[in-house]
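Understanding the architecture of this molecule
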Amino acid sequence: MTGRSDFRFPPGFRWGASTSAYQIEGAANEDGRGPSIWDTLCRMKDRVDNGETGDVACDHYHRYREDVALMRGLGLNAYRFSVAWPRVLPRGRGAVNAAGLDFYDRLIDSLLEAEIEPWLCLYHWDLPQALQDLGGWASRDTAGWFADYAAVCARRYGDRVKNWATINEFSVFTLFAYAFGAGAPGISDRQEHLKAMHHVNLAHGAGVDVLRALVPGGSIGAVHSVQTCRPEDPANPEHCESAALFDELWNLAFPDAQLLGHYPPRIAALIEPYVQAGDMARICRPIDWFGLNHYAPMYSKPDDGNVWGCGWGAAPDDMPRTDIGWPMDPTAFRDVLLDLGKRYRLPVYVTENGFGSKTETGTDDPRRLAYLRDYIAAMGEALMAGADVRGYFVWSLLDNFEWNGGYAPRFGIVHVDYETQARTPKESARWYADFIRGQRGV
Ligand code: FCB
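The structure displayed is predicted, hence computed values, not measured ones.

Here we look at the overall build of the protein
Of regular secondary structure, the protein possesses 15 helices and 13 strands. A compact globule built from 442 residues would reach a C-alpha radius of gyration of about 22 Å, and the protein, at 20 Å, matches this within 12%. If one aligns the C-alpha atoms of the protein with their principal axes, the spans along those axes are about 55 × 55 × 45 Å. Counting over 442 residues, the protein shows a buried share of 60%. Considering only contacts in the protein between residues 6 or more positions apart, those separated by 24 or more positions represent 78%. Positive and negative side-chain charges of the protein, numbering 44 and 58 respectively, have mean locations separated by a distance of 4 Å.

As for the nonpolar core
In this structure, Trp-38, Tyr-104, Trp-137 and Met-379 are the most contacted members of the largest nonpolar core, which totals 144 residues. If sequence neighbours within four positions are ignored, Tyr-104 has contacts with Ala-21, Glu-25, Phe-81, Ser-82, Val-83, Ala-84, Arg-87, Val-88 and Tyr-157.

Description of the sheet that holds strand 4 (residues 163-168)
By definition, the strands of a sheet pair up through backbone hydrogen bonds, in either a parallel or an antiparallel sense. Sheet architecture is closed into a barrel: 8 strands sit in the order 1-2-3-4-5-7-10-11, paired in parallel fashion. This sheet shows a mean twist of 25° between the axes of neighbouring strands, independent of strand direction. Across 5 bridges, the pairing between strand 1 (residues 14-18) and strand 11 (residues 389-395) is parallel. Of the residues in strand 11, the one forming a bridge with Gly-16 is Phe-393. Of the strands in this sheet, strand 3 (117-123), strand 4 and strand 5 (219-225) are in contact with helix 9 (residues 190-214), which crosses strand 4 at around 165°. The strands touched by helix 15 (residues 427-440) are strand 1 and strand 11; relative to strand 1, the strand with the most contacts, the crossing angle is about 160°.

Focus: the sheet that holds strand 9 (residues 310-312)
Reading across from one edge, 6-8-9 is the order of the 3 strands in this open sheet, with mixed pairing throughout. In this open sheet, the two strands that pair with only one neighbour each are strand 6 (229-231) and strand 9. Strand-to-strand, the axes of this sheet are offset by a mean angle of 45°, without reference to chain direction. As defined by bridge partners, strand 6 adjoins strand 8 (residues 298-302) across 3 bridges and the pair is classed as parallel. When the sheet's bridge partners are listed, Cys-229 is paired in strand 8 with Met-298. The sheet strands contacting helix 10 (residues 237-260) are strand 6, strand 8 and strand 9, and the helix crosses strand 8 at an angle near 125°.

Some thoughts on the state of the cysteines
Cysteine pairs can be linked by a disulfide, which is a covalent bond between their two sulfur atoms. On inspection of all chains with the given rule, the structure shows 0 disulfides. Left without a disulfide partner, Cys-58 is nearest to the cysteine sulfur of Cys-42, which lies 14 Å away. Cys-240 carries a free sulfur, and the closest cysteine sulfur to it, the one in Cys-229, is 11 Å from it.

Concerning the packing of aromatic side chains
Enumeration over the complete set of coordinates arrives at 52 aromatic pairs. For the pair Trp-125 and Phe-173, a centre-to-centre distance of 6.5 Å together with 40° between the ring planes defines the contact as tilted. Linking Trp-125 in the loop between strand 3 and helix 6 (129-132) with Phe-173 in helix 8 (residues 170-178), this pair joins segments that are 48 residues apart in sequence. Across the pair, Phe-173 and Trp-125 agree in class, each one buried.

A word on the site of the ligand
By nearness alone, every residue bordering the ligand is listed as Gln-23, His-124, Trp-125, Asn-168, Glu-169, Tyr-295, Glu-352, Trp-395, Glu-402, Trp-403 and Phe-411. One of the side-chain N or O atoms of Gln-23 is found 2.7 Å from an oxygen atom in the ligand. Side-chain polar atom of His-124 to an oxygen atom of the ligand: 2.8 Å apart, as the coordinates give it. Within the complex, 94% of the 290 Å² of free accessible area of the ligand lies under protein.

Digging into the packing of helix 8 against helix 9
In the contact formed by helix 8 and helix 9, the axes pass within 10 Å of each other and the chain directions differ by 150°. By the criterion of interaxial angle, the relationship of helix 8 to helix 9 is roughly antiparallel. Handedness of the helix 8/helix 9 crossing: right-handed. For the pair helix 8 and helix 9, the contacting residues are Phe-170, Phe-173, Thr-174, Leu-175 and Tyr-178 in the first and Glu-192, His-193, Ala-196, Met-197, Val-200 and His-204 in the second.

A look at the pattern of salt bridges
Within the structure shown, the criterion is met by 34 salt bridges. Residue Asp-335 pairs with Arg-334 through a salt bridge whose shortest N-O separation is 3.1 Å. Judged by its relative accessible area of 32%, Asp-335 falls in the partly exposed class. A salt bridge links Glu-360 to Lys-426, with the nearest nitrogen and oxygen atoms 2.6 Å apart. Taken together, the residues Glu-360 in the loop between strand 10 (348-352) and helix 14 (366-384) and Lys-426 in the loop between strand 13 (422-425) and helix 15 connect sequence positions 66 residues apart. Taken individually, Glu-360 and Lys-426 each receive the classification buried, so the pair is uniform in this respect. Each member of the salt-bridge network shares a partner with another, and the members are Asp-102, Asp-105, Asp-109, Arg-156, Asp-159 and Arg-160.

Regarding the side chain of Ser-428
Locating Ser-428 in the fold gives a position in helix 15. Look at Ser-428 and you get buried, because its relative accessible area is 0%. Among all residues touching Ser-428, those that are not within four sequence positions of it are Asp-365, Arg-368, Leu-369, Leu-372 and Ile-413.

Description of the environment of Ala-314
Mapped onto the elements, Ala-314 comes out in the loop between strand 9 and helix 13 (330-344). Residue classification places Ala-314 among the partly exposed positions, given a relative accessible area of 42%. With 165 residues separating them in the primary sequence, Ala-314 and Tyr-149 have C-alpha atoms 41 Å apart. Contact partners of Ala-314, with chain neighbours within four places excluded, come to Glu-232 and Tyr-299.

Conventions used here
Residue positions are given per chain, counted from 1 along the sequence in the order it is written. Under the rules for a predicted model, residues below a pLDDT of 70 receive no local features and side-chain atom pairs below 80 are neither given nor counted, while totals for whole chains, interfaces and linings still include all residues. Where side-chain values are given, they derive from all heavy atoms of the structure, hydrogens and water being excluded. Numbering of helices and strands runs from the N terminus, with a helix taken as a DSSP run of H or I at least four residues long and a strand as a DSSP run of E at least two residues long. We compute the radius of gyration from the C-alpha atoms alone; for a globule the expected value is 2.2 Å times N to the 0.38, where N is the number of residues. A 1.4 Å probe rolled over the protein chains alone gives each residue an accessible area, and that area as a share of the maximum for its type sets the label: buried under 20%, exposed over 50%, partly exposed in between. Contacts are residue-level and defined by heavy atoms, with any inter-residue pair within 4.5 Å sufficient. Charge convention: Lys and Arg are scored as positive, Asp and Glu as negative, and His as well as the terminal groups of each chain are ignored. For the purpose of locating charges, the reference atoms are NZ of Lys, CZ of Arg, CG of Asp and CD of Glu. By convention a nonpolar core is built from buried Ala, Val, Leu, Ile, Met, Phe, Trp, Tyr and Cys residues, the set being connected through side-chain atoms within 4.5 Å. Here a strand pair is declared whenever DSSP counts at least two bridges between the two strands. Here the axes come from fitting lines to C-alpha atoms, over the contacting stretch only for helices, and the angles between their N-to-C directions go from 0 to 180 degrees. By convention in this document, the label disulfide applies to cysteine sulfur atom pairs within 2.5 Å. Two aromatic rings, drawn from Phe, Tyr or Trp (for Trp, its six-membered ring), form a pair once their centres lie within 6.5 Å of each other, and the interplanar angle then sorts them: stacked below 30 degrees, edge-to-face above 60, tilted otherwise. Residues are labelled near a given molecule or strand when at least one of their non-hydrogen atoms is within 4 Å of it. In protein, a polar contact means a hydrogen-donor-capable atom and an acceptor-capable atom, both N or O and within 3.5 Å, with residues adjacent in sequence counting only if both atoms are side-chain atoms; elsewhere, any N or O pair within 3.5 Å suffices. Only the protein chains shown count as cover for residues, and all accessible areas are computed by the Shrake-Rupley method using a 1.4 Å probe. Roughly parallel means an angle under 35 degrees; roughly antiparallel, over 145; roughly perpendicular, 65 to 115; everything else is oblique. Each crossing gets its hand from how the near helix is turned against the far one by less than a right angle, where anticlockwise is left-handed and clockwise is right-handed. Each salt bridge in this description consists of a side-chain nitrogen of Lys or Arg and a carboxyl oxygen of Asp or Glu lying within 4 Å of one another.

Set out below in structure tokens:
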């Protein structure tokens with residue numbers, strides 16, 4: 001890594017942090033919130049490490065003021081959060097929950113008072129259980145219900161929130177939920193997965209139309225996980241084919257459909273039975289920015305045990321890894337940023353990037369600090385080479401509920417003591433704050 005940490009990012013660059021509702025809010029049974037598919041999954045045996053749940057999480061529902069103050073203290077000028085669909089529409093559709101809507105009003109107003117720009121993501125994986133009972137994402141109706149939910153949020157918050165994302169990591173949650181059987185609702189079925197993929201794409205398109213109509217001056221994007229996909233053994237044609245299929249499922253199926261108007265070749269023929277006349281035009285709606293979540297290159301090799309036959313491979317032995325084993329390769333990040341610009345021709349906001357650890361204790365996190373420093377330097381290299389990158393949101397502000405991993409993996413730049421809910425900025429947070437100050441010439 002040749003990283004130049006003295007690179008000056010353009011004025012107006014967003015320096016922020018990302019979180020998601022289920023991972024931090026807690027208050028799962030308060031003020032009329034309905035159950036989500038993650039509440040259900042967490043109660044199933046052996047789905048989440050240590051049987052942990054998001055019931056309390058970081059108690060952000062009650063501590064949001066403190067969290068906003070923390071961000072202000074760090075000098076962040078943007079914050080990406082998600083709205084919990086079951087908090088505002090407990091049954092997914094129909095009657096709204098006034099107390100749930102009020103919570104996001106309070107959060108948004110606190111952010112604005114602190115001069116932190118709110119970036120609202122409508123869906124970060126917590127589908128209302130009531131809609132799962134009607135078929136969830138495997139049912140085409142869910143796309144329409146998503147659009148109705150988007151309208152509720154747009155009408156309520158569109159006066160103050162201008163940056164909107166429809167959905168977080170389309171490919172990741174559909175793959176884990178409908179193919180690998182790990183994420184909620186925990187299904188492994190290729191046809192269900194194909195249906196869910198297409199309906200999630202339809203939901204995005206319908207959501208974009210709603211936001212465009214209801215948010216004056218809105219800037220609308222979608223958040224994709226894009227990770228370089230490499231064969232475990234590049235000399236083995238089966239590994240190469242596995243990596244190519246994985247690449248389509250993970251990296252291409254959603255942005256290609258949404259921005260180029262077609263599915264990638266291996267998926268196109270298989271998904272066709274679920275595509276109705278006019279659907280690709282419904283999905284491919286003009287948007288304003290590409291949200292990139294990037295962590296690590298992925299390695300693939302065939303795996304008969306999964307419904308697609310393509311699975312995880314091992315990274316080369318000499319590849320540096322994070323404390324939870326994810327490969328670290330900032331040059332892959334730089335290259336992804338450059339490639340995205342050429343393929344989709346949209347400004348990019350890095351909506352997630354960060355370092356997970358199961359071994360760190362307290363606030364001493366030199367490896368996260370180094371990761372952020374090197375990845376931000378790689379982003380600077382991409383800008384110097386012509387990439388149109390406009391913001392960076394670290395994942396995550398707080399240690400939080402890391403899905404199937406429960407609370408053991410820590411991604412926060414702020415440490416959370418789950419016994420007391422005390423928040424303490426880690427060394428990486430102090431470094432990030434200094435870095436941002438330096439960028440602003442403060
Ligand atoms: C991403 C998710 C986010 C978090 C990070 C570590 O895939 O969007 O919620 O779990 O990974």
